[in-house]
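Close look at the chain arrangement
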Amino acid sequence: MKFQDLKTLEEKLNLMSELAVNFRSRAAYHPEAAGQFPFDNISDLKESGYTSLTVPVRFGGEDISLYEMVRLQERLAEGDGSTALSIGWHLGILKNLGEKKLWDEELFEKICYEAKNGALINGAATEPGTGSPTRGGLPQTTAVKTGNHWVVNGRKTFTTMAPVLDYFIVSAAAEPCGETGNFLIPRKSEGLRIEETWDSIAMSETGSHDLVLENVMVADDCFVEVFTPGKKGANGWLLHIPACYLGIAAAACDYAVRFAKEYSPNSIKGSIIELPAVRQKIGEMEFELMRARHFLYSVAKKWDTSAEKERAQMAPELGAAKMAVTNGAIKVVDSAMRVVGARSLSGKNPLQKYYRDVRAGLHNPPMDDSTIELLAKQADSRT
Ligand SMILES: Cc1cc2nc3c(=O)[nH]c(=O)nc-3n(C[C@H](O)[C@H](O)[C@H](O)COP(=O)(O)OP(=O)(O)OC[C@H]3O[C@@H](n4cnc5c(N)ncnc54)[C@H](O)[C@@H]3O)c2cc1C
């Protein structure tokens with residue numbers, strides 16, 4: 001069964017649930033077994049047609065809405081967070097490019113055609129020297145114009161899905177024009193290599209290794225986009241990030257509730273789910289999940305139904321949704337661990353993995369302090 005054969009979101013969610021159950025069964029929870037890139041999950045997602053769902057209709061795709069994308073991404077993350085974050089970048093980037101028409105249409109059509117045949121793409125924007133690119137640091141990666149080509153040199157960190165990417169969107173300072181922009185670089189390019197540096201204890205299966213570029217020759221038309229560092233505007237597609245951490249939190253909550261129903265120490269009659277202190281935490285988790293879903297879904301729907309001009313004003317709301325959901329997700333996983341008790345710290349227990357994974361949301365864009373500043377600015381400008 002392919003996603004493309006299904007008409008309703010409900011049907012698509014059901015198919016995603018089936019995939020997610022399978023992905024959960026493949027997950028390695030023990031920290032010592034962590035870090036294996038989920039090749040099988042990615043290949044199943046390609047097979048199911050999922051990885052091309054955000055290709056625009058004008059290029060023969062489904063062009064699912066942002067709301068549909070976050071719902072599906074959340075469900076996927078319930079099965080495996082690393083798989084969800086990885087594919088989320090790819091789906092979101094295609095969606096963003098399709099909506100904003102940032103690239104030459106002919107080139108983008110070619111990428112969409114390849115995406116429909118399983119090609120994967122992601123941005124490589126972070127560098128050791130700049131930290132988060134959202135802060136406005138200039139890339140130290142350079143692209144020097146030589147005849148009809150650009151020669152790109154540099155090192156990118158945190159390149160999620162590096163083991164399977166077909167295309168890297170690499171930010172670089174272009175010389176001699178002095179512009180900063182993105183270069184579309186195919187994996188097979190000479191001088192491009194992956195250094196397997198990813199040793200994070202959170203989202204360890206994302207394969208977010210270093211991308212090293214040494215005298216990589218890039219065709220002229222692959223200088224796809226010019227931008228001002230730190231000024232990328234409102235980006236609805238980044239809601240794939242909170243959707244991912246929400247899915248992880250939902251999985252943690254479900255695990256804790258199932259545990260509470262089954263665990264029956266001999267100090268009590270029945271199971272711990274009947275204890276007031278446990279019910280309190282379960283109610284609080286449900287509250288956090290409900291609040292996070294309403295916030296995330298309503299902002300996604302607002303994006304879907306807004307014109308370009310309104311969307312451009314949505315950065316504070318998008319940031320607030322991300323901040324509320326990722327912090328809420330951390331709280332949910334914390335409560336789930338309190339319900340389960342010390343067993344949650346066992347290497348075999350999924351909760352300790354959810355706990356590690358959910359923290360990564362704090363370090364995906366936009367960061368909380370930037371959102372708070374944006375909200376302060378909004379309040380400021382109102383009075
Ligand atoms: C799981 C995961 C997957 C990722 N995938 C990708 C990917 O596919 N592609 C990609 O390009 N990147 C990716 N990233 C990188 C991510 O977008 C960030 O660039 C990275 O996490 C570094 O963020 P940081 O806030 O820790 O870094 P830094 O910006 O170095 O910040 C470190 C600390 O310094 C402070 N700080 C630094 N500069 C400033 C400033 N100017 N103003 C205020 N405070 C400042 C921050 O608040 C923070 O406390 C990924 C990250 C993670 C965790």
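For every chain, the first residue of its written sequence is number 1, and the numbers climb from 1 along that sequence. The predicted nature of this model means local features are confined to residues of pLDDT at least 70 and side-chain atom pairs, given and counted, to a pLDDT of 80 or more, with totals for whole chains, interfaces and linings taken over all residues. Based on all heavy atoms of the structure, the side-chain values leave hydrogens and waters out of the count.

1. Side note on the overall build of the chain
Our working definition: Numbering of helices and strands runs from the N terminus; a helix is a DSSP stretch of H or I covering at least four residues, while a strand is a stretch of E covering at least two. The quantity called the radius of gyration is restricted to C-alpha atoms. Its globule counterpart is 2.2 Å times the number of residues to the power 0.38. Under the scheme applied here, a residue whose accessible area is under 20% of the maximum for its type counts as buried, over 50% as exposed, and between as partly exposed, the area being computed with a 1.4 Å probe on protein chains only. Should any heavy atoms of two residues lie within 4.5 Å, those residues are counted as being in contact. Computed with the Shrake-Rupley method and a 1.4 Å probe, the accessible areas treat only the protein chains shown as cover for residues. When charges are counted, neither His nor the chain ends are considered; positive counts come from Lys and Arg and negative counts from Asp and Glu. Every charge is mapped onto a representative atom, which is NZ of Lys, CZ of Arg, CG of Asp or CD of Glu.
The number of helices and strands found in the chain is 11 helices and 8 strands. Here the chain has a C-alpha radius of gyration of 21 Å; the compact-globule value for 383 residues is 21 Å, and the two agree. Here the C-alpha coordinates of the chain stretch approximately 80 × 55 × 45 Å along the principal axes. Out of the 383 residues in the chain, the part that is buried amounts to 54%. Put simply, of all contacts in the chain between residues at least 6 apart along the chain, 74% involve residues at least 24 apart. Working note: accessible area of the chain is about 17,500 Å², and carbon and sulfur atoms make up 52% of it. Positive and negative charge centroids in the chain, built from 44 and 50 side chains respectively, lie 5 Å apart.

2. Comments concerning the site of the ligand
Our working rule: Definition of nearness: a residue and a molecule or strand are near each other if at least one heavy atom of the residue lies within 4 Å of the molecule or strand. Nitrogen and oxygen atoms within 3.5 Å of one another constitute a polar contact, given that in protein one can donate a hydrogen and the other can accept it, and given that sequence-neighbouring residues count only through two side-chain atoms. Domain borders in the structure are assigned automatically or taken from a domain database.
In the vicinity of the ligand, 19 residues are found, and the nearest of them are N122, T126, F158, T160 and H363. Side-chain polar atom of T126 to a nitrogen atom of the ligand: 2.8 Å apart, as the coordinates give it. In the environment of the ligand, an oxygen atom lies 2.9 Å from a nitrogen or oxygen atom belonging to the side chain of R135. Here the ligand loses 65% of its free accessible area of 960 Å² to cover by the protein chains. Per-element tally for the shell around the ligand: the top contributor is strand β1 (residues 121–124), with 3 residues. A domain-level breakdown of the shell around the ligand finds at least three residues from each of domain 2 (123–226) and domain 3 (236–382).

3. Observations regarding the packing of helix α6 (residues 240–262) against helix α9 (residues 315–340)
Heads up, the rule is: Axis definition: a line fitted to C-alpha atoms, over the contacting stretch in the case of helices. Angles run 0 to 180 degrees between N-to-C directions. Small angles under 35 degrees read as roughly parallel and large ones over 145 as roughly antiparallel, with 65 to 115 read as roughly perpendicular and the rest as oblique. The hand of a helix crossing depends on one turn: near helix anticlockwise from the far one by less than a right angle means left-handed, and clockwise means right-handed. Three residue categories are used. Nonpolar comprises Ala, Val, Leu, Ile, Met, Phe, Trp, Tyr, Cys and Pro, charged comprises Asp, Glu, Lys and Arg, and polar comprises the others, including Gly.
Axis separation between α6 and α9 bottoms out at 8 Å; the angle between their running directions is 20 degrees. It follows that α6 is roughly parallel to α9 by the angle criterion. Of the two elements, α6 crosses α9, and the hand of that crossing is left-handed. Contacts between α6 and α9 involve I241, P242, Y245, L246, A249, A252, C253, Y255, A256, F259 and A260 on the former and, on the latter, K322, V325, T326, A329, V332, V333, A336, V339 and V340. Residue composition of the contact of α6 with α9, by class: 18 nonpolar, 1 polar and 1 charged.

4. Let's talk about the nonpolar core
For clarity, the cut-off: For this analysis, a nonpolar core means a set of buried residues of the types Ala, Val, Leu, Ile, Met, Phe, Trp, Tyr and Cys, connected via side-chain atoms within 4.5 Å.
Judged by nonpolar contacts, the single largest core of 114 residues is most densely connected at Y50, L184 and Y245. The greatest single-element share of this core, amounting to 15 residues, is contributed by α6. Discounting chain neighbours no more than four positions away, the residues touching Y245 are L85, M203, T326, A329, D357, V358, A360, G361 and N364.

5. Observations concerning the environment of T326
Looking at where T326 falls in the secondary structure, it is placed in helix α9. Along the backbone, T326 and I241 are 85 residues apart, and their C-alpha atoms lie at a distance of 8.4 Å. If we skip the residues at most four places from it in the chain, T326 touches P242, Y245 and G361. Only 2.6 Å separates the side chain of T326 from the backbone oxygen of K322, close enough to count as a polar contact. A distance of 3.4 Å separates a polar atom in the side chain of T326 from the backbone oxygen of M323.

6. As for unusual backbone geometry
In most cases, non-glycine residues show a negative phi, while peptide bonds are predominantly trans. Note that the residue after E175, namely P176, is joined by a cis bond; omega there is 5 degrees. Along the chain, P176 turns up in the loop between β4 (167–175) and β5 (180–186). A cis amide bond links P365 with the next residue in sequence, P366, at an omega value of -10 degrees. Residue placement: P366 occurs in the loop between α10 (350–359) and α11 (368–382). A positive phi angle, near 50 degrees, is found at K101, a position not held by glycine. Looking at the secondary structure, you find K101 in the loop between α4 (81–100) and α5 (105–116). Its identity as a non-glycine residue notwithstanding, N215 has a phi of 50 degrees, on the positive side.

7. Quick notes on the UniProt feature "domain: Acyl-CoA oxidase/dehydrogenase middle" (unreviewed entry) in the chain
Here is the rule we go by: UniProt positions are given in the numbering used here, feature names are shortened, and annotations may be inferred rather than shown by experiment.
According to UniProt, the "domain: Acyl-CoA oxidase/dehydrogenase middle" (unreviewed entry) feature falls on residues 124–216. With 0% helix and 48% strand, residues 124–216 has its two end C-alpha atoms placed 15 Å apart.

8. Comments concerning a negative patch on the surface
The criterion, for reference: Each patch is assembled from residues with relative accessible area greater than 30% and no salt bridge, linking like charges that lie within 9 Å and nonpolar side chains (Val, Leu, Ile, Met, Phe, Trp, Tyr) that lie within 5 Å. Just to be clear on terms, a salt bridge is a Lys or Arg side-chain nitrogen sitting within 4 Å of an Asp or Glu carboxyl oxygen.
On the surface, a cluster of negative charge is contributed by D104, E106, E109 and D221. Along the chain, E109 falls in helix α5. You can call E109 partly exposed: its relative accessible area is 41%.

9. What to know about the domain arrangement of the chain
The criterion, for reference: Throughout, buried area stands for the accessible area (probe radius 1.4 Å) lost by two parts on being put together, summed over both.
You can read the domains of the chain as domain 1 (3–118), domain 2 (123–226) and domain 3 (236–382). Taking the mean C-alpha position of each, domain 1 and domain 3 sit 21 Å from one another. Residue-level contacts link 24 residues of domain 1 with 32 residues of domain 3. For the pair domain 1 and domain 3, the summed buried area comes to about 2,400 Å², and 67% of that belongs to carbon and sulfur atoms. By the criterion of area lost to domain 3, the three top residues of domain 1 are Y29, L66 and E74, representing 26% of everything that side buries. Our enumeration of links across domain 1 and domain 3 arrives at 2 salt bridges. Here R311 makes a salt bridge to E99, at a shortest N to O gap of 3.5 Å. The tally of links from domain 1 across to domain 3 stands at 9 residue pairs in polar contact (both at pLDDT 80 or more). Of all elements in the fold, only α3 (66–79) and α4 reach the threshold of two or more residues within the side of domain 1 that touches domain 3.

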